Amino acid sequence: MWLTGCESHAMSCPMTQCIGLHHVTALSGNIRRTHDFYTRVLGLRLVKKTVNFDDAASWHLYFGDTTGTPGTLITFFSWEDTRAGQPGFGETVAVSFSIPPGSAPFWAERLSDEGIACALDHDAKAPVIALHDPDGLALELVEHDITGLTHPHLDELSPDHAITGLHAATLLVSDVEATARVLMDVFGWYETGRSELPGFERMRLQSGAKAQGAQIDLLRAANAPQAKRGTGSVHHLAFRAADEAAQSAMVAEIRRAGLETTPVLDRTYFKSIYFREPSGVLFEIATDAPGFTVDENVERLGESVKLPANLQDKREVILAKLPEI
Ligand code: ZN
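Residues numbered from 1 in each chain as written. Predicted model: local features only at pLDDT ≥ 70, side-chain atom pairs only at ≥ 80, totals over all residues. Heavy atoms only, no water.

### With respect to the side chain of Arg204
Structurally, Arg204 is set in strand 11 (residues 200-206). Among the polar contacts made by the side chain of Arg204, one reaches the side chain of Asp217 at a distance of 2.8 Å. (Helix = DSSP H or I, 4+ residues; strand = E, 2+ residues; numbered from the N terminus. Polar contact = N/O pair within 3.5 Å; in protein donor to acceptor, adjacent residues only side chain to side chain.)

Below, the structure written as structure tokens:
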């Protein structure tokens, strides 16, 4: 049961530096199957087809709304021939998407027609459909009115049903308070609910903004194992920075908390820094700009393979080694 939170906090708090998630990156054991599931079944658009900038032997595919709006994106590295991950401490264990109010029955039927097991539940009265992607990553579709902020991809689905972006992520952590401190001190988020049972603790934090991915749930379960990374695991969570000044303000807070960060890295579509929060979950802070239309116009997003400048001269070699999509 959720305890009462302070919904009006953000209205009076000038410290909110991050309005929500930018993207979630996970690991796919079969990139063709992942592509089919997220585009044809969930109705997202492939908005960028590139490689992992740190490991060009792996695809990096970005799925989101029509324009790749920050907060709508789930991305995958291809880790073919890799063993399945094991959910546990130090990892994101569920990713939630927003669906329009009233659309849960449509999704339950659509998933059943695809032969995908799903369960209908409620969270703070909102209908939630729980399912797994083809690699076993736990997903949720949560009824949440966030319309007007994104451009859902509507080739497959009507506006009454289409996913409108990320909703939340659930992290399994060894110390709820320590991770919560990072979300509060670095991002300016605040606690909106908490529940405790013997051996089990849960805290909800929100940014207070009307934005996609503005919620994180922290779980601690006494008997949970340490996470083992593999296919079906979330590799990292990226949070939004409005611009580079906001990003460097957050970096200053991370360092003030005694945590280390990478330098700013140019990811072509955003500028990023990475750090591990106290339980070991890898966090990224990514700028909103320049976005996915920096090297393709919006009509052609995701159609051709885009590589960063330092890999262009190896293009043929790189493409020859990547699995087919
Ligand atoms: Zn990322």
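### Some details on the coordination of the zinc ion
Each donor-metal-donor angle would ideally measure 109.5 degrees in four-coordinate tetrahedral geometry, or 90 or 180 degrees in six-coordinate octahedral geometry. Taken together, the protein donors to the zinc ion comprise His23 (NE2), His236 (NE2) and Glu284 (OE), at separations of 2.0 Å. Mapped onto the polypeptide sequence, the residues donating to the zinc ion form the spacing pattern H-x212-H-x47-E. Placement of His23 in strand 1 (residues 21-28) and of Glu284 in strand 16 (residues 282-290) is noted, with a sequence separation of 261 residues between them. (Donors = N, O, S within 2.8 Å, 3.2 Å for Na, K, Ca; no water.)

### Points about the environment of Gly280
Here Gly280 shows up in the loop between strand 15 (270-276) and strand 16. For the pair Gly280 and Ala227, spaced 53 residues apart in sequence, the C-alpha separation works out to 10.0 Å.

### Quick word on the sheet that holds strand 2 (residues 45-52)
Picture the strands of a sheet paired through backbone hydrogen bonds; they go either parallel or antiparallel. A sheet is described by the order of its strands in space; here 8 strands give the open sequence 2-3-4-1-13-16-15-14, paired in mixed fashion. Of all the strands in the sheet, the pair left with one neighbour each is strand 2 and strand 14 (265-266). As paired strands, strand 14 and strand 15 are joined by 2 bridges and run antiparallel to one another. Among the inter-strand pairings, Asp266 is bridged to a residue of strand 15, identified as Lys271. The strands that helix 2 (residues 31-41) touches are strand 1, strand 2, strand 3 (55-64) and strand 4 (73-78); relative to strand 3, the one it contacts most, it runs at about 10°. (Pairing = 2+ DSSP bridges. Contact = heavy atoms within 4.5 Å. Axes fitted to C-alpha atoms, helices over the stretch in contact; angles between N-to-C directions.)

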